Every structure is written in structure tokens, then in C-alpha cells.
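Each chain, written out:
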Amino acid sequence: MDTRPDEATTIPEDDLHALVDGRLAPDAAAALRRRLAADPQAEATVTAWQAQREALRDLCAGMSDLAIPATLMAACERAQRTHERTSQWWRWGGMAAGLLVAFGVGWLASTQWHGGQDGAAMARVEPARQFAQQAAVAYAVFQPEVRHPVEVTAAQQDHLVQWLSKRLDRPLKVPVLKAQGYELVGGRLLPGDDGARAQFMYQDSAGQRITLYLGAVKSSAGGDVRETAFRFLDDGPVPAFYWVDQGFGYAISGKLTREALQELARVVYGQL
Amino acid sequence: MNRTLLVEQLPSLRRYARALTGDPWAADDLVQDTLERACSKWQLWAVGTDLRAWLFTLMHNLYLNQRRTAKVSLNTVSIDDVEAELHTPAAGGDGPLDLGRCLQRLPADQRAVLLLVAVEDMSYEDAAKVLAIPLGTVMSRLSRARSRLRELMDGGQTGARPAAAQAPNLRLMK
């Protein structure tokens, strides 16, 4: 970049763009601004372009804020899964993590449920895990939403429960997590591998959000996945605890420690 | 965290598609097509490289294809093309148009550069890669886009053409 303090030469236009777009090093930008002081026309151009840039960003800011349509979400999840299937490295890494989790968190399986028989248990790992990944993706999409975090707010909780129970074809209950510091924000309906899924969002006083994601989970063979142990997923966008009970999957996702999530998972399980 | 998260790119892809096409429906279709293209092309993405730039490249190519198709089937909309490409500033007008409409009045190739650089914060080099054009072309298109948009906002010189304003989505590029 030509930033010599030579007022006789015209400032190259590329430098003006670089200044407007914040592409200059701080000292180069400062030097250029000094030169602009002596070049009213160039300065006016920079001012106008800067205003234009800000106006464009404002205009477009509203565009990324809108709720993502279900069809787009579904396409996104499809693409994500294809990627994960084609990426061998990730796949083997993921399976190894899945096995570790299966053995590591196994104490709950042995104390609370009989975790399933050998081969059958392995065959079930994938759909439940995929379920948890979808939960994490849904969390990542809606957690940052300011205007539309949920479709139906907690103010209409009865309607929310009725509606989602109908769509998921099973009477749902919204767990109360007040004792853990979380208030219900509301919920939404989402598409999943095996039909409709629901997401309940909670928020604590600091604005930290967690989600409970639920829906039917089918095995690869098409039958219901009966039940699994509590499992921990920590290679997604957020960590999650998930489990399957009577063919229905549950995943608690949030940017929390494993212990905190596990505690929430146990509270939720206890209430359902 | 080795996970490549497509969904994190969605807001940015949608924002760009909307501003580029000027039409929310067309934009979401474009994003959808991009995601589907990504499905079939994942093996071409080099792990560890900029996922966003890759997705924007896919989207840009799809957008160009769509425009080419539109050109074949809808060659009657060229009046708008002429307006965008060859319009000479008329004296006076009916005041400045709003920014969104002015943006749609820029030729698509200029609009793409301006949006990538000013809204998506892409470096000039990345924008050149995404659009598959030389860096110098990025700079000249950026320059023309900024000057033209400034003219449009200041003068509203195209306000005398209300008919053209009705169909901004079918404008052709060349």
C-alpha cells in the first residue's frame, strides 16, 4: 500500500477501499487518514463509502435474523450428515468417542437399566447418537436467536404442550428446572430422521440457554430404539447428555460442564 | 473441536443470498441448492480450509447457472438489463430510492463483490477466489459498485423508470 505522506500525489483508490474495509494495519490507516486531511475530495469519498458500508450492514443484519425455515434446516442436516459419512477420520473418531462414552457412563446403565445385549446394543448406538447430534445442531441454530428463539413462548405453555404432544404423537411434559435456575423460554417443532422433533428452550438469569430436544428414535432396522444409557456427546457444537427411553429420545444440550449437564439430565429423567 | 458445523454458516449464506437476489424466496432456494450441492461435493472440500469461502463459491456458481438459465428462457426482460448496465444519469429524478432497491439496481457482479467485502467481511483475496476473478477485477468492481450505489442513493436517477423497478429479480448480468 502506498501511504507515503506525499500530498502532491493522488491517493490510490485501492487504498481508500482498504481503509473503508478495515484492511489496513493501524499505522498505515493512521498515515492515510493524515493524507486525507489534505485531500477533501478523497476524504469525502471515504466518508460516503463508510456510511454506505454501515448502511448496507444494517440493511443486511435484519436478513440473517429471521427464523430458519424447516426445509432449510433439514437440508443443512442432510448435508452435515453426508459430510460426516464421507469424512472417514471424523467417523472413526466419532465411533471411538461413542464407545468410550458407552463404557464410561455405563454405571448408570448398570444401576438403572440393563443396557442391552452386546451386538444389539452396538447397533443402537448410531441412531441415538445421530439424534444427539441433531439436538446439538438445533441448539446451535436457535440458541443465539434474539428475536425468534422459540415458536411458542412459555406464556402459552398449555398450548405449547398440547401442540407438540399432538405433533409428536405422545403426551409430553415440560420438565421444571427452576430449582436448577432455569426458566422455560418456550418451544418449537423441528424435523428429524424419524418424524417430528420438539425443542424446549430454557434460560437462566444470566441468559445462558439450554435446550431439551426430544422425539422418536428408530433403530437402523426401522424398529423403535427401546432404551439406552445416559450418554455424553462432547464433539458437537455444544456438549449434550442424551438417552432413549421407550423409543423416545431426549437430549439436554448446553454450554455447561459435563457434571452440570448430567445433573440436569437426571432431573429431567426423574420428572418424565 | 474438529467438527465442521455447516449450520453455523447458514445465517451468513442466507444474508448474502437475500441481498444478492433481492428476493427472500429465491434466496432460500439458492441456499437450499447450495446445501444440496455441498452434499454431493463434500469430497472436494479440503478439510481445514475455509468452509465459508467454499460454500460461498458453490453458491456463487449456482447463482451464475440460474442466471444463465433465466437468460435462455426469459430473454424478454433485457430492458431491465439495459437499464442496469447502460443507463446514463439523467438530470434530476424523483429523489433517492431506498438502499435495498438501489442495491438491486447494481449489476449483479458488482453487487456480489460489494456484499462479500462490505457485509460479509471477506478479504479481497477471498472474494476473488469465491467469484473466480482476478484480484484486480475485485477492486475495479468494488470501485464501480461503491460509486454507482452512491450516485443512486444521492440522486435517485433511476426513479424515472418505475416499470423497471417492478421486476428487479429477473435482471440479467451481461
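Note: the structure precedes this text.
So, here's what we can say about the structure. (Residues numbered from 1 in each chain as written. Chains lettered and ligands numbered in written order. Predicted model: local features only at pLDDT ≥ 70, side-chain atom pairs only at ≥ 80, totals over all residues.)

Re the overall build of chain A
A tally of helices and strands in chain A yields 9 helices and 7 strands. With 272 residues in all, chain A has 36% of them scored as buried. Residue pairs at least 24 apart in sequence account for 59% of intrachain contacts in chain A once pairs closer than 6 positions are excluded. (Helix = DSSP H or I, 4+ residues; strand = E, 2+ residues; numbered from the N terminus. Buried ≥ 20, exposed ≤ 12 C-beta atoms within 10 Å, placed from the backbone. Contact = placed C-beta atoms within 7 Å.)

Concerning the environment of Leu56(A)
Following the sequence through the fold, Leu56(A) ends up in helix 3 (residues 40-61). Excluding its chain neighbours within four sequence positions, the residues that come into contact with Leu56(A) are Leu99(B), Ala118(B) and Val119(B).

What to know about the interface of chain A and chain B
A common way to report how large an interface is uses the accessible area buried once the components associate. Facing the 37 residues of chain A at the interface are 36 residues of chain B. Those elements that provide at least two residues to the side of chain A that touches chain B are helix 1 (13-20), helix 3, helix 4 (70-86), helix 5 (88-104) and helix 7 (118-142) of chain A. Residue contributions to the side of chain A that touches chain B peak at 10 residues, all from helix 4 of chain A.

Focus on the pairing of strand 7 (residues 248-254) of chain A
Residues and elements named next belong to chain A. In terms of burial, strand 7 is largely enclosed, as 7 of its 7 residues are buried. Side chains Phe-248, Tyr-250, Ile-252 and Gly-254 project from strand 7 onto one buried face, and the interleaved Gly-249, Ala-251 and Ser-253 project onto a second face that is buried too. In this sheet, strand 7 lies alongside strand 4 (residues 209-216) in antiparallel orientation, the contact comprising 7 bridges. Its bridge partner lying in strand 7, Leu-214 is registered against Tyr-250. (Pairing = 2+ DSSP bridges.)

Quick word on the pairing of strand 4 of chain A
Residues and elements named next belong to chain A. Of all 8 residues in strand 4, 8 are buried; the element is thus mostly enclosed. Sheet topology places strand 3 (residues 195-203) next to strand 4; 7 bridges connect them, and they run antiparallel. Of the residues in strand 4, the one forming a bridge with Arg-197 is Gly-215. Linkage of strand 3 to strand 4, two consecutive antiparallel strands, is achieved through a turn of 5 residues, within which Gly-207 is found at a positive phi near 90°.

Focus on helix 1 of chain A
For helix 1 of chain A, the buried fraction is high: 6 of the 8 residues fall into the buried class. Of the positions making up helix 1 of chain A, those classed as buried are Asp15(A), Leu16(A), His17(A), Ala18(A), Leu19(A) and Val20(A). Looking at the buried side of helix 1 of chain A, the elements it contacts are helix 2 (26-36) and helix 3 of chain A together with helix 8 (135-155) of chain B. Once helix 1 of chain A ends, the next one or two residues include Gly22(A), with phi positive near 65°.

Quick look at the nonpolar core
One finds Ala135(A), Ala240(A), Tyr242(A), Ile252(A) and Val113(B) to be the most contacted residues of the largest nonpolar core, which totals 94 residues. Counting residues per element, this core draws most heavily on helix 7 of chain A, which supplies 10 residues. Each residue touching Ile252(A), except ones within four places of it in the same chain, is listed here: Ile210(A), Leu212(A), Ala240(A), Phe241(A), Leu261(A), Leu264(A), Ala265(A) and Val268(A). Ile11(A), Val20(A), Leu36(A) and Trp49(A) belong to the second largest nonpolar core, which has 9 residues in total. (Core = buried A, V, L, I, M, F, W, Y, C linked by C-beta atoms within 7 Å.)

These values are about where atoms sit, not about what they do.
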